[in-house]
Amino acid sequence: MSSTSTPSGSSTFEPVGMGNQVYRFITGNRVAFPPAVTDLSGTHTPYCWGCGPDAREGLGLVPRLDGSDPVADLEFDPRFEGGPGTVHGGAIAAFVDDLLGFVPVVYGSPGVTARLDTNYRKPVPLGVTVHGRAWLSAVDGDKMWAEGTIEAGDEVYVEASALFIAISFEHYRKVHEQLTEEQLARSAAYRSGDYFP
């Protein structure tokens, strides 16, 4: 990983290790940085299927910060069943896509997912509250890599990694030119620039 500067250009980051944790599918590299936001509420659209509070049929993810790591706890609703007694892989992928997607927000450069790799180490059982954690693993210009896990107790169920490309407020301005009035009302934070730390 090459050195990079903060969004404000003030310092250089170095990756820091994850202690004794051994991963199968991700590096575990961490980039230390001061969070650009301190509260994740209101940093996404209210109808986001993963974390939107107004998405009645969504996952119901409620992300929060632990230092610079987005974290979330979730017990999947039975409607997300895949195999008998286990969570559907698509719902799990949505969980990690949403949670890892908060890493660029916390870093100060909201981005869109360019690639998502979800590695299912064990089936995620229904009826168990799992804990998701995501972190920044590398930065190179407008590219940001995030990694994360879904765990419960001592069990690591999922390891995931994603590449995000930073986007500008202008990107959303162009998108919003094609939205209906109802859609515009639901995305007021994007139109005002409030989404961008």
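The structure under discussion appears in the preceding block.
Please set out the overall build of the chain residue by residue, giving values where relevant.
If you tally the helices and strands in the chain, you get four helices and eight strands. In sequence order, the secondary structure elements of the chain are arranged as β-β-β-β-α-β-β-β-β-α-α-α. Taking all 197 residues of the chain together, 44% fall into the buried category. At a minimum sequence separation of 6, the contacts of the chain that also span at least 24 residues come to 61%. A total of about 9900 Å² of accessible surface is found on the chain, and carbon and sulfur atoms cover 48% of it.

Any chance you could break down the packing of aromatic side chains for me, citing the residues and the numbers?
Enumeration according to the criterion identifies five aromatic pairs in this entry. Between Trp-49 and Phe-80 the ring centres are 5.9 Å apart and the planes differ by 90 degrees, which places this aromatic pair in the edge-to-face class. In this pair, Trp-49 sits in the loop between strand 2 (30-31) and strand 3 (64-66) while Phe-80 sits in the loop between strand 4 (69-74) and helix 1 (89-107), placing the two residues 31 residues apart along the sequence. Between Phe-76 and Phe-80, the aromatic rings sit 6.3 Å apart at their centres with planes inclined by 80 degrees, giving edge-to-face as the arrangement. Through a chain of ring-to-ring contacts, three or more aromatic side chains come together here, namely Trp-49, Phe-76, Phe-80 and Phe-95.

Describe helix 1, with residues and values.
Taking 1.5 Å of rise per residue, the 19 residues of helix 1 would be expected to cover 27 Å, and the 28 Å separating its terminal C-alpha atoms lies within 8% of that figure. In terms of burial, helix 1 is largely enclosed, as 16 of its 19 residues are buried. At the exit of helix 1 stands Gly-108, carrying a positive phi of roughly 105 degrees.

Which residues make up the sheet that holds strand 5 (residues 111-120), and what values do they have?
Strand order in this open sheet of six strands is 3-4-6-7-8-5, and the pairing throughout is antiparallel. Two strands bound the open sheet, and with one partner strand each, they are strand 3 and strand 5. Within this sheet the neighbouring strands show an average axis-to-axis angle of 30 degrees, counted without direction. The strands touched by helix 1 within the sheet are strand 3, strand 4, strand 5, strand 6 (130-140), strand 7 (143-152) and strand 8 (155-166), with strand 5 carrying the most contacts at an inclination of about 135 degrees.

Provide a residue-level description of the nonpolar core, including the pertinent values.
By size, the foremost hydrophobic cluster in this structure holds 38 residues, and its most contacted members are Phe-76, Phe-95, Leu-100, Val-124 and Leu-136. At the level of elements, strand 4, helix 1, strand 6, strand 7 and strand 8 are the ones that each hand at least two residues to this core. With 11 residues, the single largest contributor to this core is helix 1. Residues contacting Phe-76, with those up to four places away along its chain left out, are Leu-59, Val-87, Ala-91, Ile-92, Phe-95, Val-124, Leu-126 and Val-130.

Residue-level account of the side chain of Thr-149, with values.
Looking at the secondary structure, you find Thr-149 in strand 7. Looking at Thr-149, the relative accessible area reads 4%, which means it is buried. In this structure the side chain of Thr-149 is engaged in a polar contact, spanning 3.0 Å, whose partner is the side chain of Glu-151.

Provide a residue-level description of the pattern of salt bridges, including the pertinent values.
Following the criterion strictly, the structure yields nine salt bridges and no others. For Arg-79, the salt bridge goes to Glu-57, with nearest N and O atoms at 3.7 Å. Of this pair, Arg-79 sits in the loop between strand 4 and helix 1 while Glu-57 sits in the loop between strand 2 and strand 3; the two residues are 22 residues apart in sequence, bridging distant segments of the chain. Since its relative accessible area comes to 40%, Arg-79 is described here as partly exposed. The shortest N-O distance in the salt bridge between Glu-159 and Arg-121 comes to 2.5 Å. Separated by 38 residues along the polypeptide, Glu-159 in strand 8 and Arg-121 in the loop between strand 5 and strand 6 bring together distant segments of the chain. Shared partners join several salt bridges into a network, and the residues in it are Arg-30, Asp-66, Asp-69 and Arg-133.

Rules used throughout
Residues numbered from 1 in each chain as written. Predicted model: local features only at pLDDT ≥ 70, side-chain atom pairs only at ≥ 80, totals over all residues. Heavy atoms only, no water. Helix = DSSP H or I, 4+ residues; strand = E, 2+ residues; numbered from the N terminus. Buried < 20%, exposed > 50% of the residue type's maximum accessible area, 1.4 Å probe, protein only. Contact = heavy atoms within 4.5 Å. Areas by Shrake-Rupley, 256 points an atom, 1.4 Å probe, with all protein chains shown as cover. Phe/Tyr/Trp six-rings, centres within 6.5 Å; stacked < 30°, edge-to-face > 60°. Expected span 1.5 Å × (residues − 1). Pairing = 2+ DSSP bridges. Axes fitted to C-alpha atoms, helices over the stretch in contact; angles between N-to-C directions. Core = buried A, V, L, I, M, F, W, Y, C linked by side-chain atoms within 4.5 Å. Polar contact = N/O pair within 3.5 Å; in protein donor to acceptor, adjacent residues only side chain to side chain. Salt bridge = Lys/Arg side-chain N within 4 Å of Asp/Glu carboxyl O.

None of the figures reported here should be taken as evidence of function without further support.
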